[in-house]
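What follows is the residue order along each chain.
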Amino acid sequence: MSRKKTPKSKGGSAPAASALPAANGPRPARPGTARPSPDAQPNGPQQPSRHSLGGGGDFYDIAFKVMLVGDSGVGKTCLLMRFKDGAFLAGTFISTVGIDFRNKVLDVDGMKVKLQMWDTAGQERFRSVTHAYYRDAHALLLLYDVTNKASFDNIQAWLTEIHDYAQHDVVLMLLANKVDSAHEPAVKREDGEKLAKEYGLPFMETSAKTGLNVDLAFTAIAKELMQRSMKVPSEPGFQLHDYVKREGQGASCCRP
Ligand SMILES: Nc1nc2c(ncn2[C@@H]2O[C@H](COP(=O)(O)OP(=O)(O)OP(=O)(O)O)[C@@H](O)[C@H]2O)c(=O)[nH]1
Ligand SMILES: [Mg+2]
């Protein structure tokens, strides 16, 4: 069996293709660094054959594309960086321009699963850029910020957008981010749970700051995608909803 390699710690961004007016006014932009790497092939999961892509890095059996969406400032980039590097980007908020990407290889049930993670810009003016990427996503993490009610109110609009542009069978999970705050959140956990239930979505509270449930969110997605594509015999009963309910930790455990 040949093995695939993926370059370590490579990131890049697709340039913005439109300049519609920003909903919340302009913000400082996180500069793009490069075009997506050749291994960021979005069409269909790469089947388990372990080919080499050249360059240094990890081997993997199968790859999936996971896209992070949600309003600007909800913490998409921070969540991704927490998962990728285990670090929190504190300090100045640098808004994403267009789309950035990062890769990470996970061990899931004895398989090396590469997640190609696409970090979209939440700002309205980049919406037409992100639209182009939806159809290739195998999974979507839809985030809101529990300290920002508007970001929660906009979830319905995001779901409409997902309905319009993503594959009908895309794996979708709702994440309530920034649950580390010591203050009363603007959006209660029950409201998030209720909305998720209404749309039949798995739901989790996360914090890019403390790391709460961050690995779990991505692992759950990887497991679900693996299950779908491989029909893993060792876990015939894997259910994404049940898994995140069982494994997820409450926010209260990790508040400072
Ligand atoms: N307390 C807290 N702050 C967070 C968390 N995640 C992100 N932030 C902060 O929220 C701000 C926005 O985070 P980003 O990850 O850049 O937001 P984004 O969703 O990528 O925004 P766009 O790129 O504009 O779409 C930054 O100042 C972060 O430090 C979190 O879990 N807890
Ligand atoms: Mg960002």
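The shown structure was predicted, so the numbers you read here are calculated from the model rather than taken from an experiment. (Residues numbered from 1 in each chain as written. Chains lettered and ligands numbered in written order. Predicted model: local features only at pLDDT ≥ 70, side-chain atom pairs only at ≥ 80, totals over all residues. Heavy atoms only, no water.)

(A) Examining the site of ligand 1 more closely. If you check the shell around ligand 1, you find 24 residues, and the closest are Ser 72, Lys 76, Ser 95, Gly 122 and Asp 180. At a separation of 2.7 Å, an oxygen atom of ligand 1 approaches a polar backbone atom of Gly 122. Backbone polar atom of Ala 208 to an oxygen atom of ligand 1: 2.8 Å apart, as the coordinates give it. Protein contacts shield 90% of the accessible area of ligand 1, which totals 650 Å² for the unbound molecule. Of all elements in the fold, only helix H1 (76-85) and strand S6 (95-96) reach the threshold of two or more residues within the shell around ligand 1. Along the lines of polarity and charge, the residues of the shell around ligand 1 split into seven nonpolar, eleven polar and six charged. (Near = heavy atom within 4 Å. Polar contact = N/O pair within 3.5 Å; in protein donor to acceptor, adjacent residues only side chain to side chain. Areas by Shrake-Rupley, 256 points an atom, 1.4 Å probe, with all protein chains shown as cover. Helix = DSSP H or I, 4+ residues; strand = E, 2+ residues; numbered from the N terminus. Nonpolar A, V, L, I, M, F, W, Y, C, P; charged D, E, K, R; others polar.)

(B) A look at the environment of Asn 103. Its location among the elements puts Asn 103 in strand S7 (residues 99-108). In the structure, Asn 103 is positioned 124 residues away from Gln 227 in sequence and 20 Å away in space, judged by C-alpha atoms.

(C) Region of interest: the pattern of salt bridges. Enumeration according to the criterion identifies eleven salt bridges in this entry. Two residues, Arg 135 and Asp 136, come together in a salt bridge whose shortest N-O distance is 3.3 Å. The exposure class of Asp 136 is buried, given its relative accessible area of 12%. Where Asp 153 meets Lys 149, a salt bridge forms, and the shortest distance between an N and an O atom there is 2.9 Å. Taken together, the residues Asp 153 and Lys 149, both in helix H3 (residues 149-153) and four residues apart, mark about one turn of the helix. When its relative accessible area of 41% is taken as the criterion, Asp 153 is described as partly exposed. When salt bridges that share partners are traced, they join Arg 189, Glu 193 and Glu 205 into one network. (Salt bridge = Lys/Arg side-chain N within 4 Å of Asp/Glu carboxyl O. Buried < 20%, exposed > 50% of the residue type's maximum accessible area, 1.4 Å probe, protein only.)

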